[in-house]
Amino acid sequence: MDLNLQFPAGWEKAKEIKYKQGFNKPAPRDFVGYGPLTEPEALSIYNFTLSHDFSLILAYHTQGQEIYWNFQNINPPGGYQIGQKFANSSGYTLANVPFNSSFAGYKDWFIQTYYRPGFTIEAGLGENPLPISQFHEIYKDNLGILVLGATLI
């Protein structure tokens, strides 16, 4: 089960796309499951978020050195500007999510539900799982994002 394909933000579209790509049964990646929020880890993050008043969220992933900042045509106030600050701090590219990957993620649900900035940070480069040898570079690249994210809003 891909835990970042478990959120109620275009989940049906994510299912349609992933099933067409052949991810239609349990697998190490890209399987959306049988419904949104069926996995305890995703449900825990969902409930934790509902019980707090976050100004923004960061969802960390690996692979790509990119920062995704919007969801479909929803562009929360300040989202692009904050994303640009994160990009400048990290050296990562601020990017739009590729269409086939732009549904059912935590960031997507947060932006859709709260109309506040949310970001998916794709840390590091290479094939997953990334080697531990990248840890120090990833930490260095992302420390500014973490500090800015805690202080910007």
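Residues numbered from 1 in each chain as written. Predicted model: local features only at pLDDT ≥ 70, side-chain atom pairs only at ≥ 80, totals over all residues. Heavy atoms only, no water.

### A word on the overall build of the protein chain
For step 1, the next point in the chain: Per the secondary structure count, the protein chain includes 5 helices and 4 strands.
For step 2, the next point in the chain: Reading the secondary structure of the protein chain in the N-to-C direction produces α-α-β-β-α-β-α-β-α.
For step 3, the next point in the chain: Relative to a compact globule of 153 residues, whose C-alpha radius of gyration would be 15 Å, the protein chain shows 15 Å and is just as compact.
For step 4, the next point in the chain: Seen along its three principal axes, the alpha-carbon backbone of the protein chain occupies a region of about 40 × 35 × 25 Å.
For step 5, the next point in the chain: Within the span of the protein chain, comprising 153 residues, buried residues form 40% of the whole.
For step 6, the next point in the chain: For the protein chain, long-range pairs separated by at least 24 residues make up 80% of all intrachain contacts whose partners lie at least 6 apart in sequence.
For step 7, the next point in the chain: Taken as a whole, the protein chain presents about 8,300 Å² of accessible surface, with 56% of it coming from carbon and sulfur.
For step 8, the next point in the chain: Here the protein chain holds 10 positive side-chain charges and 13 negative ones, and the gap between their average locations is 5 Å. (Helix = DSSP H or I, 4+ residues; strand = E, 2+ residues; numbered from the N terminus. Rg over C-alpha atoms; globule rule 2.2 N^0.38 Å. Buried < 20%, exposed > 50% of the residue type's maximum accessible area, 1.4 Å probe, protein only. Contact = heavy atoms within 4.5 Å. Areas by Shrake-Rupley, 256 points an atom, 1.4 Å probe, with all protein chains shown as cover. Lys, Arg positive; Asp, Glu negative; His and termini not counted. Charge placed at Lys NZ, Arg CZ, Asp CG, Glu CD.)

### With respect to the side chain of Gln134
For step 1, the next point in the chain: Take Gln134: it is sitting in the loop between strand S4 (118-123) and helix H5 (135-151).
For step 2, the next point in the chain: Within the local environment of Gln134, its side chain forms a polar contact with the backbone oxygen of Leu125, the two atoms lying 2.5 Å apart.
For step 3, the next point in the chain: Ignoring anything within four residues of it in the chain, the contact list for Gln134 reads Gly124 and Leu125. (Polar contact = N/O pair within 3.5 Å; in protein donor to acceptor, adjacent residues only side chain to side chain.)

### Some remarks on the nonpolar core
For step 1, the next point in the chain: In terms of nonpolar packing, the biggest core is built from 14 residues, with Ile67, Phe86, Phe119 and Ile121 touching the most fellow members.
For step 2, the next point in the chain: Where this core is concerned, the elements lending two or more residues are helix H3 (79-90), S4 and H5.
For step 3, the next point in the chain: Not counting chain neighbours up to four residues away, the residues in contact with Ile121 comprise Leu58, Ala59, Tyr60, His61, Glu66, Ile67, Tyr92, Asn142 and Ile145.
For step 4, the next point in the chain: Listed in part, the 11 residues of the second largest apolar core include Ile57, Phe71, Phe110 and Ile111. (Core = buried A, V, L, I, M, F, W, Y, C linked by side-chain atoms within 4.5 Å.)

### So, the packing of aromatic side chains
For step 1, the next point in the chain: The final tally for this structure, using the stated rule, is 13 aromatic pairs.
For step 2, the next point in the chain: When the centroid spacing of 5.3 Å and the interplanar angle of 75° are considered together, the rings of Phe31 and Tyr34 count as edge-to-face.
For step 3, the next point in the chain: The exposure class of Tyr34 is exposed, given its relative accessible area of 61%.
For step 4, the next point in the chain: Here the aromatic residues Phe7, Tyr46, Tyr106, Trp109, Phe110 and Tyr114 are joined through ring pairs into a cluster of three or more.
For step 5, the next point in the chain: The lysine or arginine in question, Lys15, covers the ring of Tyr19, its NZ or CZ lying 5.3 Å from the ring centre. (Phe/Tyr/Trp six-rings, centres within 6.5 Å; stacked < 30°, edge-to-face > 60°. Lys NZ or Arg CZ within 6 Å of the ring centre and 35° of its normal.)

### Some words on the environment of Pro129
For step 1, the next point in the chain: Along the chain, Pro129 falls in the loop between S4 and H5.
For step 2, the next point in the chain: Residue classification places Pro129 among the exposed positions, given a relative accessible area of 73%.
For step 3, the next point in the chain: Spatially, the C-alpha atom of Pro129 lies 8.1 Å from that of Thr62, the residues being 67 residues apart in sequence.

### Topic: the environment of Gln21
For step 1, the next point in the chain: Note on placement: Gln21 falls in the loop between helix H1 (11-20) and helix H2 (40-50).
For step 2, the next point in the chain: Residue Gln21 is classed as partly exposed on the basis of its relative accessible area of 39%.
For step 3, the next point in the chain: For Gln21 and Asn100, which are 79 residues apart along the polypeptide, the C-alpha to C-alpha distance reads 9.9 Å.

### Focus on H5
For step 1, the next point in the chain: In this model H5 runs 24 Å from its N-terminal to its C-terminal C-alpha over 17 residues, within 8% of the 24 Å that 1.5 Å per residue would give.
For step 2, the next point in the chain: The largest bend in H5 comes to about 35°, at Asn142.
For step 3, the next point in the chain: Turning to H5, its buried residues number three or more, namely Ile138, Asp141, Asn142, Ile145 and Gly149. (Expected span 1.5 Å × (residues − 1). Bend = angle between axes of the 7 residues up to and from the residue.)

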